[in-house]
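Overview (structure and organization)
In case you want the letters, here they are:
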Amino acid sequence: MLGLRVSGPLAACSLALLLAACAGGAAGTPKPPGKASMVPPVRQPTRTVPRDPQFQSIPGLEGVVGATRSQLVRQFGEPRLDVWEGDARKLQFTGAPCVLDIYLYPTSSSREPLATYVDARRASDGQDVDRAACTAALRQK
């Protein structure tokens, strides 16, 4: 081996440790998962006809709910955020008085997603504010 000569009880212990290390490699190695514990195959996505979303109905949101992205940009300017999640879209418009989040979803009757839901909050602390008032304030800027 390394040219060291060991005899007596120390040699016996060394030999025992070497044999245990060699044998322990096979016994200490985890077994590969069996067929019962394997991950099932990934299910392929299915195409479905989009369900028409429900449109929020709040006075003061006329012209916003049901609008396309380009119509909203004409009213409020370029959005601060434009986020896609699947086939849904969120546009965020901001100003000194509030933050306006507008959610657009596809419908069976339109070529592009339409605004279906509006949420508004104060930029300073995130507290909810009147959606119609926020919409009107951001239109004036």
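First, a word on scope: everything that follows refers to the structure included in this document.

The antiparallel open sheet is built from 4 strands, whose spatial order is E1-E2-E3-E4. Strand pairing shows two members of the sheet lacking a second neighbour, strand E1 (81-85) and strand E4 (114-121), which therefore form its edges. With direction set aside, neighbouring strand axes in the sheet form an average angle of 20°. Note: strand E3 (residues 99-105) against E4, 7 bridges, orientation antiparallel.

On to the packing of aromatic side chains. Aromatic ring pairs are described here by two measures, namely the spacing of the ring centres and the angle between the planes. Under the counting rule described, the total for this entry stands at 2 aromatic pairs. With a centroid separation of 5.1 Å and 40° between ring planes, the pair formed by Phe-76 and Phe-93 is classed as tilted. Of this pair, Phe-76 sits in helix H2 (residues 69-76) while Phe-93 sits in strand E2 (residues 88-94), and the two are 17 residues apart along the sequence. Judged on exposure class, the residue Phe-76 and its partner Phe-93 are both buried. With a centroid separation of 6.0 Å and an interplanar angle of 50°, the aromatic rings of Tyr-103 and Tyr-117 are classed as tilted. Remark: Tyr-117 occurs in strand E4 and Tyr-103 occurs in strand E3; sequence separation between them is 14 residues.

Throughout the structure, instances matching the rule amount to 1 disulfide. Covalent S-S linkage joins Cys-98 and Cys-134, the inter-sulfur distance amounting to 1.9 Å. Around the S-S axis, the bridge from Cys-98 to Cys-134 shows a dihedral of about 95° and counts as right-handed. Of this pair, Cys-98 sits in the loop between E2 and E3 while Cys-134 sits in helix H3 (residues 131-139); the two residues are 36 residues apart in sequence, bridging distant segments of the chain. Its relative accessible area of 1% is what places Cys-98 among the buried residues.

Conventions we followed
- Residues numbered from 1 in each chain as written.
- Predicted model: local features only at pLDDT ≥ 70, side-chain atom pairs only at ≥ 80, totals over all residues.
- Heavy atoms only, no water.
- Pairing = 2+ DSSP bridges.
- Helix = DSSP H or I, 4+ residues; strand = E, 2+ residues; numbered from the N terminus.
- Axes fitted to C-alpha atoms, helices over the stretch in contact; angles between N-to-C directions.
- Phe/Tyr/Trp six-rings, centres within 6.5 Å; stacked < 30°, edge-to-face > 60°.
- Buried < 20%, exposed > 50% of the residue type's maximum accessible area, 1.4 Å probe, protein only.
- Disulfide = S-S within 2.5 Å.

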